[in-house]
Structures are given as C-alpha cells and as structure tokens.
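Take a look at the letters that make up each chain.
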Amino acid sequence: MSITQAYLNILLARENITYLKDLLTTSEAQVKQSEQQFKFGTIAKKDLLQLQATYANDKYTLVTAQNTLQQNILTLKQLLQLPTATPFEVSATDTVAVAPALDNLASAQDQAPAYPSGN
C-alpha cells in the first residue's frame, strides 16, 4: 500500500509541475506586458510590482514542487530498498485514448450498403 501511495504521489507531483510551468509562463508574459504598459504610462508602478511579486512567487512554487517530486522519488526508493545513488525514473503510461476521426457524410453514405426499399 505504501509503495502504491508513493508512486501516485510521484505522478501527482509531475502533474503539478506541468501545471506550474504553464502558470509561470503566463506570469512571465504578464510581467513583460506590464513592463511595456508601465513604460508607456498606462499602469501604475504598484501594479507592475504586484505582477512581479506574483511571478517570483510562481517561480518559488515551481521550485518547491520540483523538490517535492525529488522527495517523493526518494521515498519510493527507500520503500523499495534501493540505494539513494541509484538512478531511478518512474514511468507513467499514457492512458488517453484518442477516438478515430469521423468520416464526412458523403464518405459514410458511399461506404454504407445499399438496402432495397420496402414497405
């Protein structure tokens, strides 16, 4: 049970990191846009500083999440009684099934068998 929980914690930490990287990219873009707006005088300096503080906080949160991932990997290694220096990577399978594209109406009608019309 502990091994399964440690594995799931690793997967969750990876998803969290993916989300936080996207969030950091957005925050960075907002800061760049705000710097331009401040340069032209369309926003106040306090608004720029607030966005810069949010960006710094997002960077800190990402580093914390990356540390959490490393800690979760270490926990799983300990549960499996592997040496901490041993390289260890947890693989995750992609379970998303992609539905095949639907044919257009004309193609579907061409492929349909012809039925005689009855009563």
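> Any chance you could break down the overall build of the protein chain for me, citing the residues and the numbers?
When helices and strands are counted, the protein chain shows 3 helices and 0 strands. Of the regular secondary structure in the protein chain, the N- to C-terminal order runs α-α-α. Residues counted as buried form 18% of the 119 residues belonging to the protein chain. Within the protein chain, contacts between residues at least 6 apart in sequence are counted, and of these 65% link residues at least 24 apart.

> How would you explain the nonpolar core if you had to name every residue and give the values?
Ranked by internal contacts, the top residues of the largest apolar core, which has 14 residues, are Ile10, Ile17, Leu62, Leu69 and Leu76. Secondary structure elements with two or more residues in this core: α1 (2-39) and α2 (45-79). With 7 residues, α1 is the single largest residue contributor to this core. Non-local contacts of Ile10, meaning those with residues more than four positions away in its chain, are made with Leu69, Asn72, Ile73, Leu76 and Val90.

> Lay out a nonpolar patch on the surface with the relevant residues and their values.
Side chains of Ile3, Leu79, Leu80 and Leu82 sit close together on the surface and give an oily, nonpolar patch of about 280 Å² of accessible area. Summarising the element assignment, Leu82 is placed in the loop between α2 and α3 (105-111). Assessed through its relative accessible area of 30%, Leu82 is described here as partly exposed.

> Give me the packing of α1 against α2: which residues, what numbers.
Between α1 and α2, the shortest axis-to-axis distance is 8 Å and the interhelical angle comes to 160°. Of the possible angle classes, the one that applies to α1 and α2 is roughly antiparallel. By crossing handedness, the relation of α1 to α2 is classed as left-handed. Among the residues making up the contact of α1 with α2, the classes are represented as 20 nonpolar, 11 polar and 7 charged.

> Summarise the pattern of salt bridges; cite the residues concerned and give the values.
Scanning the entire structure with this criterion turns up 3 salt bridges. A salt bridge links Lys46 to Asp47, with the nearest nitrogen and oxygen atoms 3.1 Å apart. Look at Asp47 and you get partly exposed, because its relative accessible area is 30%.

> Break down α2 for me, citing the residues and quoting the values.
Between its first and last C-alpha, α2 extends 51 Å over 35 residues, near the 51 Å set by a 1.5 Å rise per residue. For α2, the complete set of buried residues consists of Leu48, Tyr55, Asp58, Leu62, Ala65, Leu69, Asn72, Ile73, Leu76 and Lys77. Among the structural elements, α1 are those in contact with the buried residues of α2. Taken from the residues just after α2, Gln81 is the one with a positive phi, measuring 60°.

> Hey, could you go over the confidence of the model for the protein chain for me, with residue numbers and the actual values?
Should pLDDT be low for a region, the predicted coordinates there are not to be read in detail. For the protein chain, per-residue confidence averages 87 on the pLDDT scale, and residues scoring 70 or more make up 89% of the total. Element-level pLDDT for the protein chain is lowest in α3, with a mean of 77, against a maximum mean of 95 in α2.

> Kindly report on α1, identifying the contributing residues and their values.
Between its first and last C-alpha atoms α1 spans 54 Å; for 38 residues at 1.5 Å apiece the expected length is 56 Å, and the two agree. Of all the residues in α1, the buried ones are Ala6, Ile10, Ala13, Ile17, Leu20, Leu24, Ser27, Val31 and Ser34. Count one or two residues on from α1 and you reach Gly41, which has phi positive near 80°.

The rules behind the values
Residues numbered from 1 in each chain as written. Predicted model: local features only at pLDDT ≥ 70, side-chain atom pairs only at ≥ 80, totals over all residues. Heavy atoms only, no water. Helix = DSSP H or I, 4+ residues; strand = E, 2+ residues; numbered from the N terminus. Buried < 20%, exposed > 50% of the residue type's maximum accessible area, 1.4 Å probe, protein only. Contact = heavy atoms within 4.5 Å. Core = buried A, V, L, I, M, F, W, Y, C linked by side-chain atoms within 4.5 Å. Patch = residues over 30% accessible without salt bridge, like charges linked within 9 Å, V, L, I, M, F, W, Y side chains within 5 Å. Areas by Shrake-Rupley, 256 points an atom, 1.4 Å probe, with all protein chains shown as cover. Salt bridge = Lys/Arg side-chain N within 4 Å of Asp/Glu carboxyl O. Axes fitted to C-alpha atoms, helices over the stretch in contact; angles between N-to-C directions. Parallel < 35°, antiparallel > 145°, perpendicular 65-115°, else oblique. Left-handed = near helix turned anticlockwise from the far one by under 90°. Nonpolar A, V, L, I, M, F, W, Y, C, P; charged D, E, K, R; others polar. Expected span 1.5 Å × (residues − 1). pLDDT = per-residue confidence, 0-100.

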